[in-house]
Amino acid sequence: QVQLVESGGGLVQAGGSLRLSCVVSGSRGSISAMGWYRQAPGKQRDLVARISSGSKPNYADSVKGRFTISRDNAKNTLYLQMISLKPDDTAVYYCNTEITTVWGTNTYWGQGTQVTVSS
């Protein structure tokens, strides 16, 4: 029922920029938090950035100053603006959201979008 659709990934050279988008649809509750995670080949899925209503964004130390997370509550859309990309940023980026209903709070994931940064 709940669907997260990510877009904006691609292949860029080091120093380039990308903006990822995540649109949440099918929700019958309120979105309490949204975030971006990434998983490189052979690695675990790690937090990139997360934002919740009324709170400061939380960033992984490796992306601070380069990535900016933003949220459009009216459109149920999450963005990740990435600049000064490095080869180490290469990973599948996943959108994550927490949705609260009368049944409780549940976590949902998108299918992921590939970001590849060449040297």
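Chains are numbered independently. Their residues run from 1 in the order of the written sequence. Local features in this predicted model are restricted to residues whose pLDDT is 70 or higher, and side-chain atom pairs enter the listing and the counts only when it is 80 or higher, whereas totals over whole chains, interfaces and linings include all residues. By convention in this description, side-chain values take in all heavy atoms of the structure and omit both hydrogens and water.

(A) Geometry of the pattern of salt bridges. Salt bridge criterion: a side-chain nitrogen from Lys or Arg within 4 Å of a carboxyl oxygen from Asp or Glu. Taken as a whole and assessed by the stated rule, the structure comprises 3 salt bridges. In this structure, Arg 38 engages Asp 89 in a salt bridge whose closest nitrogen and oxygen atoms are separated by 2.9 Å. Remark: Asp 89 occurs in the loop between β8 (77–82) and β9 (91–101) and Arg 38 occurs in strand β4 (residues 30–39); sequence separation between them is 51 residues. Arg 38 sits in the buried class, given a relative accessible area of 15%. The residue Arg 50 makes a salt bridge to Glu 98 at a minimum N-O spacing of 2.7 Å. To qualify as a helix, a DSSP run of H or I must reach at least 4 residues; to qualify as a strand, a run of E must reach at least 2; elements of each kind are numbered from the N terminus. Exposure is judged per residue with a 1.4 Å probe applied to protein chains only, and the accessible area is read against the type maximum: over 50% gives exposed, under 20% gives buried, and values in between give partly exposed.

(B) Fine view of the sheet that holds β8. Think of it this way: DSSP has to see at least two bridges between two strands before they count as a pair. Read from one edge to the other, the open sheet built from 4 strands follows the order β1-β3-β8-β7, with strand pairing classed as antiparallel. Of all strands in the sheet, those bounded by a partner on one side alone are β1 (3–7) and β7 (67–72). Strand-to-strand twist of the sheet, defined as the mean angle between neighbouring strand axes without regard to direction, takes the value 15°. Across 5 bridges, β1 lies against strand β3 (residues 18–25) in antiparallel orientation. Looking at the pairing, Ser 7 lines up with Ser 21 of β3. Helix axes use the C-alpha atoms of the stretch in contact, all axes being lines fitted to C-alpha atoms, and the angles between their N-to-C directions lie in the range 0 to 180 degrees.

(C) Summary view of the nonpolar core. Buried residues of nine kinds, namely Ala, Val, Leu, Ile, Met, Phe, Trp, Tyr and Cys, make up a nonpolar core once their side-chain atoms join them within 4.5 Å. Core analysis: the biggest nonpolar cluster contains 27 residues, and Trp 36, Leu 80, Met 82 and Tyr 93 have the highest contact counts within it. Taken together, the elements giving at least two residues each to this core come down to β3, β4, β5 (46–52), β7, β8, β9 and β11 (113–118).

(D) Quick peek at the side chain of Arg 66. Topologically, Arg 66 is positioned in the loop between β6 (58–59) and β7. Here a polar contact is taken to be a pair of N or O atoms separated by no more than 3.5 Å, where protein atoms must pair a possible hydrogen donor with a possible acceptor and residues adjacent in sequence count only if both atoms sit in side chains. At a separation of 2.9 Å, a polar atom in the side chain of Arg 66 contacts the main-chain carbonyl oxygen of Ser 62. A distance of 2.8 Å separates a polar atom in the side chain of Arg 66 from a polar atom in the side chain of Asp 89. Non-local contacts of Arg 66, meaning those with residues more than four positions away in its chain, are made with Gln 81, Met 82, Ile 83, Ser 84, Leu 85, Lys 86 and Asp 89. Two residues form a contact once any of their heavy atoms are found within 4.5 Å.

(E) Just the state of the cysteines, in detail. Any pair of cysteine sulfurs within 2.5 Å is marked as a disulfide. Summed over all chains, the structure comprises 1 disulfide. Here Cys 22 is linked by a disulfide to Cys 95, with a sulfur-sulfur distance of 2.0 Å. Handedness here is read from the sign of the S-S torsion; for Cys 22 and Cys 95, about -85°, the answer is left-handed. With Cys 22 in strand β3 and Cys 95 in strand β9, this pair connects stretches of sequence that are 73 residues apart. Here Cys 22 and Cys 95 have matching classes, each one buried.

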